[in-house]
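One letter stands for each residue in the lines below.
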Amino acid sequence: MSSNAVAELFAGKVAVGTRVTVKGWVRSRRTSKAGISFVAVHDGSCFDPIQVVVPDTLSNYSEVTQLGAGCSVIASGELVASEGQGQSVEIQALELEVVGWVDDPETYPIAKKRHTFEYLRTQAHLRPRTNAFGAVTRLRNTLANAMHNYFYGEGFHWVNTPLITSSDCEGAGELFRVSTLDFSNLPRNEKGGVDFAQDFFASESFLTVSGQLNVEAYCLAMSKVYTFGPTFRAENSNTSRHLAEFWMVEPEIAFANLEDDAALAEDFLKHCFREVLNQRQDDMEFFAQRIDKDAIARLERVVNSDFVHMDYSDAVRILEKSGKSFEYPVTWGLDLQSEHERFLCEEYVKGPVVVKNYPKDIKAFYMRLNDDEKTVAAMDVLAPGIGEIIGGSQREERLSVLESRMDNPTLKEELWWYRDLRRYGTVPHAGFGLGFERLLNYISGMDNIRDAIPFPRVPGSAHF
RNA sequence: UCCGACAUAGCUCAGCGGUAGAGCAGUAGACUGUUAAUCUAUUGGUCCCUGGUUCGAUCCCAGGUGUCGGAGCCA
């Protein structure tokens, strides 16, 4: 049997008077002794549930009056202009089939009331049925599509870099081990260590912490590329901004410098925000109403203004002159702390800020050494409330400089192919990494990253 | 990992050295083109776990576990 998405009914794509069918889950039921029940049905297609008006003349009306939150139903009837307030159209039911009851309404975890996000994390399998997580889920989908569409429209190639890597030296954090060895009976080599030659990949292997190094290879052939996929960090990070498994977008452009990179980041973010504002008005209104008053205005401000750029050295001067007393010292050569980044984007700029050209000693080996030989062509995009949302750089394309920055001999050896890219037709190139869930939090105003991904993985918890 | 806070009904929380309450949800009824409906009644508790102090601990103390917030690491 064909059916209609609730979204298309509200969008006016179906004429009033048409016989329609919706399939979904009950949000609430209100029964009137006047002989009708109002059943709010949601199916995930849009923020609002549709109101199904059920007359007591239906043969199974006694069932209808037993409906509660969570029950699944198929309702069909005539689409009519609503007699009540609060919705444009509703369904005058001719049939309502109960597909699945709720076993024990008293203990159904998603009651028709406000729940804390903390509680809903313990009900991750049912939380998509709530307003907030339905909205986050649609936003996530829209944002992912907006990103792909942007890149596709700009001539980028989506490159699917591997999730399993044998390099443990990429320098972006602790790695999860991937192995098929029997942990209770590990094979040993002559030195007494674990003999990884007997492991599945015949060498130690891990889950990737970044697709960047691999995607650079494709960049130096396809010119404009990006990765989008899950990334894994085994850091013991217990914050509202970190996940052990998260999604990251990493564009990489050839014949490009740091300025091109920053311009790409800005254009990209603005495109995404515009698409979200256009396509997910209903959900954004919810976020603005219930989660963060500034949610919509914030995106509009970003879309309509130019990103503020500043050099790291200027940022240090601004912080020194701010008159604020920071817990951590501000000195040229030290990395900016959260409190410093917060001041810059939340108080000084009051919006996203691009900080560029950091001291070389606090940044990764692959970032291009500037002519001053003290700084590298790195940039961070800092966003209010989130902190670092993008980290990027122009890559070191000069073999000798790159090798001199690879202080670890094992790293140098393992990344022979990465160095090869500088031997065969090297070009200046640049890219960045953007945390997908962090961007979702920035857009929605949700403040915990565990609520931006369906089933969060964090230290001590891989439930569901 | 460090610092701090918290853990009481299905959920959100109050409370007190003498073993416990509210709102919501659930259930029953009333009322209503209702929409987080409203009104009346009502069910519901290992007060996180283990020790200790005490005549007596949900409350005080110690340890543990879990969660949250902040910091570091970073996206």
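J.: Describe in detail the overall build of chain A, supporting the description with residues and values.
T.: Across its full length, chain A holds 14 helices and 16 strands. Considering only C-alpha atoms, chain A reaches an extent of 85 × 60 × 45 Å along its principal axes. Taking all 464 residues of chain A together, the buried fraction comes to 50%. Put simply, 66% of the contacts in chain A that link residues at least 6 apart link residues at least 24 apart. A total accessible area of about 22600 Å² is found for chain A, and carbon and sulfur atoms account for 48% of it.

J.: With reference to specific residues and values, describe the packing of aromatic side chains.
T.: Tallied over the entire structure, the rule returns 22 aromatic pairs. Ring centres of F47 and F286 lie 4.9 Å apart, and the angle between their planes is 35°; this geometry places the pair in the tilted category. Highlighted residues: F47 in the loop between strand 2 (36-42) and strand 3 (50-55) and F286 in helix 7 (residues 281-291), separated in sequence by 239 residues. Take F47: its relative accessible area is 15%, and that puts it in the buried class. Judged by relative accessible area, which is 8%, F286 ranks as buried. With centroids separated by 5.6 Å and ring planes inclined at 70°, the aromatic side chains of Y150 and F151 adopt a geometry described as edge-to-face. The exposure class assigned to F151 is buried, which follows from its relative accessible area of 0%. Through pairs of rings, three or more aromatic residues link up here, namely Y150, F151, F156, W158, Y226, F268 and F432. Its guanidinium or amino end placed over the ring of Y442, R298 lies 5.2 Å from that ring's centre, counting from NZ or CZ. The ring centre of Y358 lies 4.2 Å from the NZ or CZ of K363, which sits over that ring.

J.: Kindly report on the nonpolar core, identifying the contributing residues and their values.
T.: In terms of nonpolar packing, the biggest core is built from 83 residues, with V52, L96, F268 and F273 touching the most fellow members. Among all residues touching L96, those that are not within four sequence positions of it are V52, V54, L58, N60, V64, L67, V73, I74 and A75. Listed in part, the 30 residues of the second largest apolar core include M310, Y312, V316 and L415.

J.: Which residues make up the protein's contact with RNA strand B, and what are the values?
T.: Lining the immediate surroundings of RNA strand B are 53 residues, of which T31, Q85, E118, H242 and R438 lie closest. Restricting attention to atoms of RNA strand B within 4 Å of the protein, one finds that 50% of them are sugar or phosphate atoms. For RNA strand B, a base nitrogen lies 2.4 Å from a polar atom in the side chain of E90. The separation between a sugar or linking oxygen of RNA strand B and a polar main-chain atom of E388 is 2.9 Å.

J.: Before we move on, can you summarise the side chain of T231 with the specific residues and values?
T.: In this fold, T231 is placed in strand 10 (residues 224-232). Note on T231: relative accessible area 3%, which makes it buried. Excluding anything up to four places from it in sequence, T231 contacts T208, V209, S210, A244, E245, F246 and M248.

J.: Quick one: what's the story with the sheet that holds strand 3, residue by residue and with numbers?
T.: Strand pairs in the sheet, formed through backbone hydrogen bonds, run parallel or antiparallel to each other. As summarised here, the arrangement of the five strands in space is 1-2-3-5-4, forming a closed barrel in which the pairing is mixed. Pairs of neighbouring strands in the sheet enclose a mean axial angle of 50°, with direction left out of account. Sheet topology note: the strand 1 (residues 19-32)/strand 2 ladder contains seven bridges and is antiparallel. The partner of W25 across the bridge, within strand 2, is H42.

J.: Quick one: what's the story with the confidence of the model for chain A, residue by residue and with numbers?
T.: Residues with a pLDDT of 70 or more make up 99% of chain A, whose mean pLDDT is 91. Mean pLDDT across the secondary structure elements of chain A bottoms out at helix 12 (residues 409-414), with 86, and peaks at strand 6 (residues 157-158), with 98.

J.: Account for helix 7, naming residues and giving values.
T.: Restricting attention to buried positions, one finds in helix 7 the residues D283, M284, F286, F287 and A288. Contacts from the buried residues of helix 7 go to helix 4 (131-153), helix 6 (258-279), helix 8 (295-303) and helix 14 (436-444).

J.: Explain the packing of helix 4 against helix 7 to me, and be specific about the residues and the numbers.
T.: Relative placement of two packed helices is described by the angle separating their axes and the distance separating the axes. It is at 10 Å that the axes of helix 4 and helix 7 come closest, and there the two elements cross at 130°. Judged by the angle between their axes, helix 4 and helix 7 are oblique. As for how helix 4 packs across helix 7, the hand of that crossing is left-handed. In this structure, helix 4 uses N131, A132, A135, V136, R138 and L139 to contact helix 7, whose residues at the interface are D283, M284, F286 and F287. When grouped by side-chain class, the residues that make up the contact of helix 4 with helix 7 number seven nonpolar, one polar and two charged.

J.: Describe in detail the environment of A378, supporting the description with residues and values.
T.: Of note, A378 is situated in strand 14 (residues 375-383). In this structure the C-alpha to C-alpha distance between A378 and Y358, which are 20 residues apart in sequence, comes to 6.1 Å.

J.: Please set out the sheet that holds strand 13 (residues 353-359) residue by residue, giving values where relevant.
T.: Spatially, 6-10-11-16-15-14-13-12 is the arrangement adopted by the eight strands of the open sheet, whose pairing is mixed. The open sheet terminates on both sides in strands that have one partner only, identified here as strand 6 and strand 12 (308-311). As defined by bridge partners, strand 14 adjoins strand 15 (residues 387-395) across six bridges and the pair is classed as antiparallel. In the sheet register, D380 faces strand 15, and the bridge partner there is G391. Packing against the sheet, helix 4 makes contact with strand 6, strand 10 and strand 11 (245-254), and its axis sits at approximately 150° to strand 10. Where helix 10 (residues 338-348) meets the sheet, it contacts strand 12, strand 13, strand 14 and strand 15, and its direction lies at approximately 55° from that of strand 14.

J.: Which residues make up helix 5 (residues 212-222), and what are the values?
T.: Residues of helix 5 that are buried include every one of Q212, L213, V215, E216 and C219, and no others. Down the axis of helix 5, the sector holding all buried residues measures 150°, keeping them to one side. Of the residues trailing helix 5, S223 is marked for its positive phi of about 75°.

Basis of the calculations
- Residues numbered from 1 in each chain as written.
- Chains lettered and ligands numbered in written order.
- Predicted model: local features only at pLDDT ≥ 70, side-chain atom pairs only at ≥ 80, totals over all residues.
- Heavy atoms only, no water.
- Helix = DSSP H or I, 4+ residues; strand = E, 2+ residues; numbered from the N terminus.
- Buried < 20%, exposed > 50% of the residue type's maximum accessible area, 1.4 Å probe, protein only.
- Contact = heavy atoms within 4.5 Å.
- Areas by Shrake-Rupley, 256 points an atom, 1.4 Å probe, with all protein chains shown as cover.
- Phe/Tyr/Trp six-rings, centres within 6.5 Å; stacked < 30°, edge-to-face > 60°.
- Lys NZ or Arg CZ within 6 Å of the ring centre and 35° of its normal.
- Core = buried A, V, L, I, M, F, W, Y, C linked by side-chain atoms within 4.5 Å.
- Near = heavy atom within 4 Å.
- Polar contact = N/O pair within 3.5 Å; in protein donor to acceptor, adjacent residues only side chain to side chain.
- Pairing = 2+ DSSP bridges.
- Axes fitted to C-alpha atoms, helices over the stretch in contact; angles between N-to-C directions.
- pLDDT = per-residue confidence, 0-100.
- Parallel < 35°, antiparallel > 145°, perpendicular 65-115°, else oblique.
- Left-handed = near helix turned anticlockwise from the far one by under 90°.
- Nonpolar A, V, L, I, M, F, W, Y, C, P; charged D, E, K, R; others polar.
- Arc of directions from axis to C-beta.

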